[in-house]
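Each chain, written out:
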Amino acid sequence: MIIADDEIKVCQLLTHLVNWNDMGMEIVAVINDGKKAYDAICNLKPDIVITDIRMPNYDGIDLIRMTKEILPETYFIIISGYSQFEYAKSAIQYGVENYLLKPIKSKELINTLTKIIEKHALKLSDNWEKNELKIMLHSSEEKVKKNLLAELLVDPESKITGIGINELNCEFCCHFKKGYYTILIIKPFMEPEDKSKEVLSLLLTKILCTAKEKLEVCCEEVVTMTWEGQVLCLINTEDPTLTTVKKQLNKVRIEISNLQDIFSNVKIVIGIGQVVDSLSNVHQILQQAQTAVMDRLIRNGECIIEFKENGQSEKEVFDVIDTQVRNRILSYFEVLDIAGILSELTELWKVLEEAKDSQFIYQYYNEIVSLLLYGVKNYMSPYQFPDLTWYQKKFKSFLTVPDIFQWLKQHISEEFDKFTAEKRIQDSKPMRQAKQYINENYNKEITLENVSSLTGFNPAYFSALFKKETGENFMEYIMKVRIQNAKYLLIQTNKDIGDIAADVGYTDLKYFSKLFKKKTGLNPSEFRKLYG
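As the structure is a computational prediction, the values presented were derived from the model and not from experiment. (Residues numbered from 1 in each chain as written. Predicted model: local features only at pLDDT ≥ 70, side-chain atom pairs only at ≥ 80, totals over all residues. Heavy atoms only, no water.)

Participant: Now, about the overall build of the chain: what can you tell me, with residues and values included?
Facilitator: When helices and strands are counted, the chain shows 23 helices and 10 strands. Rg of the C-alpha trace for the chain: 35 Å, well past the compact-globule value of 24 Å for 532 residues, more than 25% over. With the principal axes as the frame, the chain shows a C-alpha extent of 105 × 70 × 40 Å. Looking at the chain as a whole, 44% of its 532 residues are labelled buried. Total accessible area computed for the chain in this model is approximately 28000 Å², and 49% of it derives from carbon and sulfur atoms. On the chain, the mean spot of the 66 positive side-chain charges and the mean spot of the 75 negative ones are 6 Å from each other. (Helix = DSSP H or I, 4+ residues; strand = E, 2+ residues; numbered from the N terminus. Rg over C-alpha atoms; globule rule 2.2 N^0.38 Å. Buried < 20%, exposed > 50% of the residue type's maximum accessible area, 1.4 Å probe, protein only. Areas by Shrake-Rupley, 256 points an atom, 1.4 Å probe, with all protein chains shown as cover. Lys, Arg positive; Asp, Glu negative; His and termini not counted. Charge placed at Lys NZ, Arg CZ, Asp CG, Glu CD.)

Participant: Lay out the packing of helix α13 (residues 323-334) against helix α15 (residues 358-379) in plain terms, naming residues and giving numbers.
Facilitator: For the pair α13 and α15, interaxial distance at closest approach is 9 Å and the crossing angle is 35°. Crossing handedness for the pair α13 and α15: right-handed. Counting all contacts with α13, which are made through Arg326, Ile329, Leu330, Phe333 and Glu334, the residues of α15 involved are Glu367, Leu371, Leu372, Tyr374, Gly375, Val376 and Tyr379. Classifying every residue of the contact of α13 with α15 by side-chain character gives 8 nonpolar, 1 polar and 3 charged. (Axes fitted to C-alpha atoms, helices over the stretch in contact; angles between N-to-C directions. Left-handed = near helix turned anticlockwise from the far one by under 90°. Contact = heavy atoms within 4.5 Å. Nonpolar A, V, L, I, M, F, W, Y, C, P; charged D, E, K, R; others polar.)

Participant: Explain the pairing of strand β7 (residues 221-227) residue by residue, including any values.
Facilitator: As a general feature of sheets, a regular strand has side chains that alternate between the two faces. For β7, a buried count of 5 out of 7 residues is recorded, marking the element as mostly surrounded by other parts of the structure. Bridge count for β7 against strand β8 (residues 230-237) is 7 bridges, and the pairing is antiparallel. Following the sheet pairing, Val223 is matched in β8 by Leu234. Hairpin connection between β7 and β8: a loop of 2 residues separates the two successive antiparallel strands, and Glu228 in this loop has a positive phi of roughly 50°. (Pairing = 2+ DSSP bridges.)

Participant: Now, about the packing of aromatic side chains: what can you tell me, with residues and values included?
Facilitator: Scanning all chains against the criterion turns up 20 aromatic pairs. For the pair Phe333 and Phe416, a centre-to-centre distance of 5.8 Å together with 45° between the ring planes defines the contact as tilted. Here Phe333 is found in helix α13, whereas its partner Phe416 is found in helix α17 (residues 401-441), with 83 residues between them in sequence. Both residues of the pair, Phe333 and Phe416, belong to the buried class. Summarising the aromatic geometry, the rings of Phe398 and Trp407 are spaced 5.4 Å apart at their centres and angled 40° between planes, so their arrangement reads as tilted. For Phe398, a relative accessible area of 8% gives the class buried. Residue classification places Trp407 among the buried positions, given a relative accessible area of 16%. Through successive ring pairs, a cluster of aromatic residues spans Tyr506, Tyr511, Phe512, Phe516, Phe527 and Tyr531. When the ring centre of Phe189 is taken as reference, the NZ or CZ atom of Lys187 above it lies at 5.7 Å. One residue, Arg482, lies across the ring of Tyr506, its end atom 5.1 Å from the ring centre. (Phe/Tyr/Trp six-rings, centres within 6.5 Å; stacked < 30°, edge-to-face > 60°. Lys NZ or Arg CZ within 6 Å of the ring centre and 35° of its normal.)

Participant: An account of the nonpolar core is requested, with residue identities and associated values reported.
Facilitator: Ranked by size, the top nonpolar core spans 52 residues in total, and within it Ile186, Leu215, Cys233, Ile235, Val245, Ile256 and Phe263 carry the most contacts. When residues in this core are grouped by element, the largest group, 8 residues, is from helix α9 (residues 197-215). Setting aside its immediate chain neighbours within four residues, Ile235 contacts Tyr180, Tyr181, Thr182, Leu184, Leu215, Cys219, Glu221, Val222, Leu242 and Val245. In terms of nonpolar packing, the next biggest core, distinct from the first, is built from 41 residues, Leu330, Leu342, Tyr365 and Ile412 among them. (Core = buried A, V, L, I, M, F, W, Y, C linked by side-chain atoms within 4.5 Å.)

Participant: Help me get a handle on the sheet that holds strand β4 (residues 75-80), residues and values and all.
Facilitator: Spatially, 5 strands are ordered β2-β1-β3-β4-β5 in an open sheet, and the strand pairing comes out parallel. Because the sheet does not close on itself, it has two edges, and the strands there are β2 (29-31) and β5 (98-101). When the angles between neighbouring strand axes are averaged without regard to direction, this sheet yields 15°.

Participant: Could you give an account of a nonpolar patch on the surface, naming the residues involved and the relevant values?
Facilitator: Residues Ile491, Leu530 and Tyr531 make up a contiguous nonpolar surface patch of roughly 300 Å² in combined accessible area. Judged by its relative accessible area of 56%, Leu530 is exposed. (Patch = residues over 30% accessible without salt bridge, like charges linked within 9 Å, V, L, I, M, F, W, Y side chains within 5 Å. Salt bridge = Lys/Arg side-chain N within 4 Å of Asp/Glu carboxyl O.)

Participant: So what about the pattern of salt bridges? Which residues, and what values?
Facilitator: Going through the model one piece at a time under the given rule, you end up with 20 salt bridges. Notably, a salt bridge pairs Glu97 with Lys119, separated by 3.0 Å at the nearest N-O pair. Within this pair, whereas Glu97 is found in the loop between α4 (85-93) and β5, its partner Lys119 is found in helix α5 (residues 106-124), the two being separated by 22 residues in sequence. We classify Lys119 as partly exposed; its relative accessible area is 38%.

Participant: A description of the side chain of Arg299 should follow, citing residues and the corresponding values.
Facilitator: By the element assignment, Arg299 lies in the loop between α11 (282-294) and β10 (304-306). On the accessibility criterion, Arg299 (14% relative accessible area) is buried. Those residues within four positions of Arg299 in sequence are excluded, and the remaining contacts are Ile305, Glu306 and Lys308.

Participant: So what's going on with the sheet that holds β8? Residues and values would help.
Facilitator: Pairing is mixed in the open sheet, where 5 strands are placed in the order β7-β8-β6-β9-β10. The open sheet is flanked by β7 and β10, the only strands paired with a single partner. Here the strands of the sheet are splayed against their neighbours by 20° on average, with no regard to which way each runs. Judged from the 6 bridges that link them, strand β6 (residues 180-189) and strand β9 (residues 267-272) form a sheet pairing that is antiparallel. If you follow Lys187 over to β9, its bridge partner there is Val269.

Participant: I'd like to hear about helix α2 (residues 34-44), residue by residue, with values.
Facilitator: Among the residues of α2, Gly34, Ala37, Tyr38, Ala40 and Ile41 are the ones counted as buried. Seen end-on, α2 carries its buried residues on one side only, within an arc spanning 165°. Counted as exposed and oriented over 90 degrees from the buried face of α2: Lys36 and Asn43. Residue Asp33 occupies the N-cap position of α2, its side-chain oxygen lying 2.9 Å from the main-chain nitrogen of Lys35. (Arc of directions from axis to C-beta. Polar contact = N/O pair within 3.5 Å; in protein donor to acceptor, adjacent residues only side chain to side chain.)

Participant: Tell me what's going on with the packing of α13 against helix α14 (residues 338-350), and back it up with residues and numbers.
Facilitator: Axis separation between α13 and α14 bottoms out at 8 Å; the angle between their running directions is 155°. Judged by the angle between their axes, α13 and α14 are roughly antiparallel. In the packing of α13 onto α14, the handedness of the crossing is left-handed. Only Gly340, Ile341, Glu344 and Leu348 of α14 make contact with α13, whose side of the interface consists of Val325, Arg328, Ile329, Tyr332 and Phe333. (Parallel < 35°, antiparallel > 145°, perpendicular 65-115°, else oblique.)

Written out as structure tokens, the structure is:
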């Protein structure tokens, strides 16, 4: 391993923060300059580099980028004491293992190094499955514990819910005790432009590690895993009121919110299911935690939300989105009036300003999207919008109702723009064919009928479309092409003017001269004298 930081004290701290021998690692160089660090990497080819963002000559990002070009398997850990979100985002895109803030915590560094060791061991193995099992058994009980949550997610009727604590502990390497259980869901929300796969993956790792660290001090057992962009925690506690648990969860929220230099404007919502005294109904508790997270839409900015039964909404979805509303929206689709559709969406959103039921909001959103997709299918075919499942997944990524509908309106506008651009290209294709034909055959007799037949339209429709697309009527365009070619021949050749008239499609010299003067202000002879 190489340590690169321009602060000598930080380098000294890192060398003594971890027992490197016990971890099977060796520090081969400690360097205070970016260029010297790169030279050392080229010569020593380390497995791991711990580097600061800011250094003389080459900064941390330059060091990562250049190293990855020659040694793509090198693992990087970034450390920084500055609020530098753009730097952090760049580093994450290069695939760093972690981004640690100063002052560096020993436990966080050791956790990161342990994950690197496991990943590295898998890469070195000739037998992937055998080595993975070995690591699972000897290095990480957490992977076995995750199987418990994974099985509950996949199979609500799993045998897990019916077996005793001792058997459960034995099978899944857990340490459950008699007491109380619940499930927590910690869901992060970020700005859309920061939701890259790499950024989300690192954020979820940070949340998982922080939650586990904070909850282990007040719980008998904590089982965690990431799932669908959020962190799940199954906890076992002696306190049915969760008083200390909620205090620790607030610390998790604050600690993650303070990582603004890594994750810009990140917010987290924590949903808590009901507390029970057995695991027999744990899948139901999971659903309650999911409902609690969705209740963020009606809980006025609360970050830690306990599940409670919401009263039924006074309105039904179809009371609001009735036949009249549906017909109005579909009529706007029929004439491709995006302004009308957006106006209807604005009115529909107002209904949700006083909504007290998150399930009603979700159903309402689904009905609006289904109606929009119906309009797309019937009036914008063959253009394809994403399917309903995609929109349902998107719904879960927004923190507030205004966020959802602001995005939906913007999304519909952008899709309409794409559709109209594609339609314009499709409509202009026959016009391109017609113009190509005219430019290749201008010296022959050309009629509206034979060109419209070539493009597959009837003459009247083709004439109107041609005028709309080119700004000129059909005969005017032919005349313009012929006069342009006549001008070229008058300037570039010594041909007789009568021959030039015939070459561009006019057999009557007098008529040709009259048209030429009308378009250029000069007769052909005068034009040749002036420009020839």
